[in-house]
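Fold and contact review
The primary structure of each chain is shown beneath.
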Amino acid sequence: MPEPLKLQPMLHGVDHTARPTWKLRETVKFYRDILGLPLVHCISAKGWGREKENHADFLHFFFDSGNESTIAFFYYIGTQQPPELVVPKGYIAMANHTAWRVESEAELLAWQKRLEGHGVNVSQFVQHEVIESIYFRDPNWYPLEITRSLRDVDVPDAVDAAATLEAAMELEDSGKWRNIEQLWRDKVKFVQASQNAELEKA
Amino acid sequence: MSGFYVLNVPEFASLIEAALKSGRCTVHELKGHYRFVEFEREIEIRRSDTRMNEAVWYGCLTGGLDGKITHFDGERLNLVATNEPVLGISTQDAR
């Protein structure tokens, strides 16, 4: 019997994320040959479990995305892509994306050049508050991002994030939340509370 | 007291410089992790004065706002004092 956990359970980074594909050859070409991610593992199996769903026979394969993480795909043999799993056009579905980390601006530029060299439509650099990124899509239209950190996040970022989310959840509960201005105004009381808490600590 | 709060991180520091350029505000001392930029009646901040790219500019009030937005686009941000309740502001007003 393993010993009961004495500490708060911890996570240690991403092992893998996975998604289905119905474009096997194009997916392998993109991840292995264009991105150059090593194909490191592939399960090929008879469909098992989920009897009521008549689970298809399948492949589950993994590409090394660095730092002991992989990006993985399922290929369900003989199935058709359900319409609800076609990636919709537009920004909302882009929220569901994978972002990989690089260490420098030079690396980010190298990725942009490599992708462009293979005819991949890749964005310009976009600088956010703490990261700078390029964006592109894989053959399945899954959105991908490569990003570099501009600075480490610190205590002020976490305090501010908590204040933002407290206000946001309050507004969500109201059922009347329509715009970001309402959030910025509602947030003031949480910001002030954090300021007073800091003063009490000092 | 009308104004906005600026989180004490590098990417928002230039918002304070730009607000001061407008000549109509007082920057309070750092309290906790925020500075309060107080204005009377109204203030206009130009993005060119902040040197912010759009991704940061459009989140520049994320520290909190005691006031009302009357104009906010890629070029400038205009704020006025208000007593309106938070949920009294319609989507139209925010654009």
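This structure is a prediction, so every number in the text was calculated from the model and none was measured.

**Structural notes on the layout of surface pockets**
All names here are of chain A. The space that makes up the largest pocket amounts to roughly 780 Å³. Residue lining of the largest pocket: 25 residues in total, with Ser65, Gly66, Ser69, Trp100 and Arg101 positioned closest to the centre. Where the lining of the largest pocket is concerned, the elements lending two or more residues are strand S4 (70-76), strand S5 (98-102), helix H3 (105-117) and strand S8 (143-149). At five residues, the largest contribution of residues to the lining of the largest pocket is made by S5. Residues of the lining of the largest pocket, tallied by class, amount to nine nonpolar, 11 polar and five charged.

**Describing helix H1 (residues 24-34) of chain A**
Every α-helical turn comprises 3.6 residues, leaving residues that sit three or four positions apart pointing alike. For H1(A), the full list of buried residues reads Thr27(A), Val28(A), Phe30(A), Tyr31(A) and Ile34(A). On its buried face, H1(A) is in contact with strand S3 (58-64), S4, S5, H3, strand S7 (131-137) and S8 of chain A.

**Comments concerning the packing of helix H4 (residues 155-174) of chain A against helix H6 (residues 188-201) of chain A**
All names here are of chain A. Running from amino to carboxyl end, H4 crosses H6 at an angle of 145°, the nearest separation of the two axes being 8 Å. Here H4 runs over H6; the crossing is right-handed. For the pair H4 and H6, the contacting residues are Val159, Ala163, Glu166, Ala167 and Glu170 in the first and Lys189, Phe190, Val191 and Ser194 in the second. Counted by class, the contact of H4 with H6 contains five nonpolar, one polar and three charged residues.

**Remarks on the pairing of strand S1 (residues 2-7) of chain B**
All names here are of chain B. Within S1, six of the six residues are buried, which leaves the element mostly enclosed by the surrounding structure. Pairing of S1 with strand S3 (residues 34-39) involves six bridges; the strand directions are antiparallel. Note that in S3 the partner of Leu7 across the bridge is Tyr34. Of the strand pairs in this sheet, S1 and strand S5 (residues 65-66) are connected by two bridges, and their pairing is antiparallel. Along S5, the bridge assignment pairs Gly3 with Asp66.

**Brief notes about the nonpolar core**
In terms of nonpolar packing, the biggest core is built from 36 residues, with Phe4(B), Ile45(B), Cys60(B), Leu61(B), Ile69(B), Leu77(B) and Leu79(B) touching the most fellow members. For Phe4(B), the residues in contact, after removing those within four places along its chain, are Leu15(B), Ala19(B), Arg35(B), Phe36(B), Val37(B), Phe39(B), Ile45(B), Leu61(B), Gly64(B), Leu65(B) and Leu79(B). Core analysis: the next-biggest nonpolar cluster, separate from the first, contains 24 residues, Phe30(A), Tyr31(A), Trp100(A) and Leu108(A) among them.

**Some remarks on the side chain of Gln195(A)**
Relative to the helices and strands, Gln195(A) resides in helix H6. Not counting residues up to four positions away in its chain, the partners in contact with Gln195(A) are Tyr5(B), Lys31(B), Gly32(B) and Tyr34(B).

Thresholds applied
Residues numbered from 1 in each chain as written. Chains lettered and ligands numbered in written order. Predicted model: local features only at pLDDT ≥ 70, side-chain atom pairs only at ≥ 80, totals over all residues. Heavy atoms only, no water. 1 Å grid on protein atoms, 1.4 Å probe; cavity = no way out; pocket = protein on both sides within 12 Å on 5 of 7 lines; lining within 4 Å. Points joined across faces, edges and corners; volume = space filled by probe spheres on them. Helix = DSSP H or I, 4+ residues; strand = E, 2+ residues; numbered from the N terminus. Nonpolar A, V, L, I, M, F, W, Y, C, P; charged D, E, K, R; others polar. Buried < 20%, exposed > 50% of the residue type's maximum accessible area, 1.4 Å probe, protein only. Contact = heavy atoms within 4.5 Å. Axes fitted to C-alpha atoms, helices over the stretch in contact; angles between N-to-C directions. Left-handed = near helix turned anticlockwise from the far one by under 90°. Pairing = 2+ DSSP bridges. Core = buried A, V, L, I, M, F, W, Y, C linked by side-chain atoms within 4.5 Å.

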